[in-house]
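Chain by chain, the residues run as shown.
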Amino acid sequence: MAEYQLYCFAQSGNAYRAALMLNLIGADWTPVFVDFFVKGEQRSPEYRANINEMGEVPVLVHQDRKLTQSGVILTWLAERSGKYLPQGDEERLEAMRWIIFDNQKVNGFLGPYRFLRTFARPPGDPKVLAFLKGRIDGNLAIVDRRLASRSFVLGERPTIADISLTAYLYYPAEEFGFDIAAEHRNIAAWLGRMKALPGWAHPYDLMPGHPLRLD
Ligand SMILES: N[C@@H](CCC(=O)N[C@@H](CS)C(=O)NCC(=O)O)C(=O)O
């Protein structure tokens, strides 16, 4: 059995953060498929009782330990491996600041927007989509500005703050209906730098469930 098991599915950018980190640190890991779309497995009483009371992916299992919330998983893996670890108090707090901003306002809006627009049946209310799109544009612009003067979120070295922020950003533009990289040039260049890291892989190649079958 692999050292780590990751509960995930291919379309989840939240889970991609953890999958990408495991790959980048060269961990021995295996994905455990969660049928989010057809069975809604993450909402079942069994899943909540035995896997994650919050009813979400990702969940990382290591021996007797079970961790949820991608920010917690990234922090723990960075501390354990010594890789992509923010150095010192200032960087540690700065990484946490960006991970929380990302979870709430960058990928935290982008994930539901893509879901409501592309995967939900019926699709989301256009007014809700318009609200989310406005917030997404503003928050991506904040990240783009941050990356105008540095190679990575904290400076010249990639850390878990970068890995967190990549969550949904490599999925195809058709799934969003707009091209994030084309509209945000500094984000595009940074995504290229992240992609060049040894061990990088696309979410659809790292996690099971793509292409999506809804029958
Ligand atoms: N902040 C969480 C977000 C996790 C999350 O929302 N995961 C989604 C899948 S992308 C989920 O499992 N949602 C459960 C549901 O909607 O029932 C993290 O970063 O781990």
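Note: the structure precedes this text.
Everything in this summary refers to the structure shown in the same document. (Residues numbered from 1 in each chain as written. Predicted model: local features only at pLDDT ≥ 70, side-chain atom pairs only at ≥ 80, totals over all residues. Heavy atoms only, no water.)

Quick word on the overall build of the protein
Helix and strand counts for the protein come out as 9 helices and 4 strands. In the protein, the succession of α and β elements from N to C terminus is β-α-β-α-β-β-α-α-α-α-α-α-α. Relative to the compact-globule value of 17 Å for 215 residues, the protein shows a C-alpha radius of gyration of 17 Å, a close match. Counting only C-alpha atoms and orienting by the principal axes, one finds that the protein spans roughly 45 × 45 × 25 Å. By residue count, 51% of the 215 residues in the protein fall in the buried class. Look at the contacts in the protein between residues 6 or more apart in sequence, and 73% of them connect residues 24 or more apart. For the protein, the computed accessible surface area is about 10400 Å², with 52% contributed by carbon and sulfur atoms. Mean positive and mean negative side-chain charge positions of the protein (25 and 25 charges, respectively) differ by 4 Å. (Helix = DSSP H or I, 4+ residues; strand = E, 2+ residues; numbered from the N terminus. Rg over C-alpha atoms; globule rule 2.2 N^0.38 Å. Buried < 20%, exposed > 50% of the residue type's maximum accessible area, 1.4 Å probe, protein only. Contact = heavy atoms within 4.5 Å. Areas by Shrake-Rupley, 256 points an atom, 1.4 Å probe, with all protein chains shown as cover. Lys, Arg positive; Asp, Glu negative; His and termini not counted. Charge placed at Lys NZ, Arg CZ, Asp CG, Glu CD.)

Quick look at unusual backbone geometry
Omega for the peptide link from Arg-121 to Pro-122 comes to -5 degrees, which places this bond in the cis form. Checked against the element boundaries, Pro-122 lands in the loop between α4 (88–119) and α5 (126–146). In this structure, Pro-211 follows His-210 across a cis peptide bond, with omega equal to -5 degrees. Relative to the assigned elements, Pro-211 resides in the segment after α9 (203–206).

Topic: the nonpolar core
Met-21, Leu-77, Ile-187, Trp-190 and Met-207 are the most contacted members of the largest nonpolar core, which totals 71 residues. The element contributing the most residues to this core is α4, with 9 residues. Setting aside residues up to four positions removed in sequence, Trp-190 forms contacts with Leu-147, Ser-151, Phe-152, Val-153, Asp-162, Leu-165, Thr-166 and Leu-169. (Core = buried A, V, L, I, M, F, W, Y, C linked by side-chain atoms within 4.5 Å.)

Examining a nonpolar patch on the surface
Among the surface-exposed residues, Leu-93, Met-96 and Ile-100 lie close enough to one another that they form a single nonpolar patch of about 290 Å² accessible area. Residue placement: Leu-93 occurs in helix α4. Leu-93 sits in the partly exposed class, given a relative accessible area of 47%. (Patch = residues over 30% accessible without salt bridge, like charges linked within 9 Å, V, L, I, M, F, W, Y side chains within 5 Å. Salt bridge = Lys/Arg side-chain N within 4 Å of Asp/Glu carboxyl O.)

Some remarks on helix α8 (residues 185–195)
Within the sequence span of α8, burial applies to Ile-187, Trp-190, Leu-191 and Met-194. Axial view of α8: buried residues confined to an arc of 105 degrees, hence all on one face. On its buried face, α8 is in contact with α5, α6 (160–165) and α7 (180–183). (Arc of directions from axis to C-beta.)

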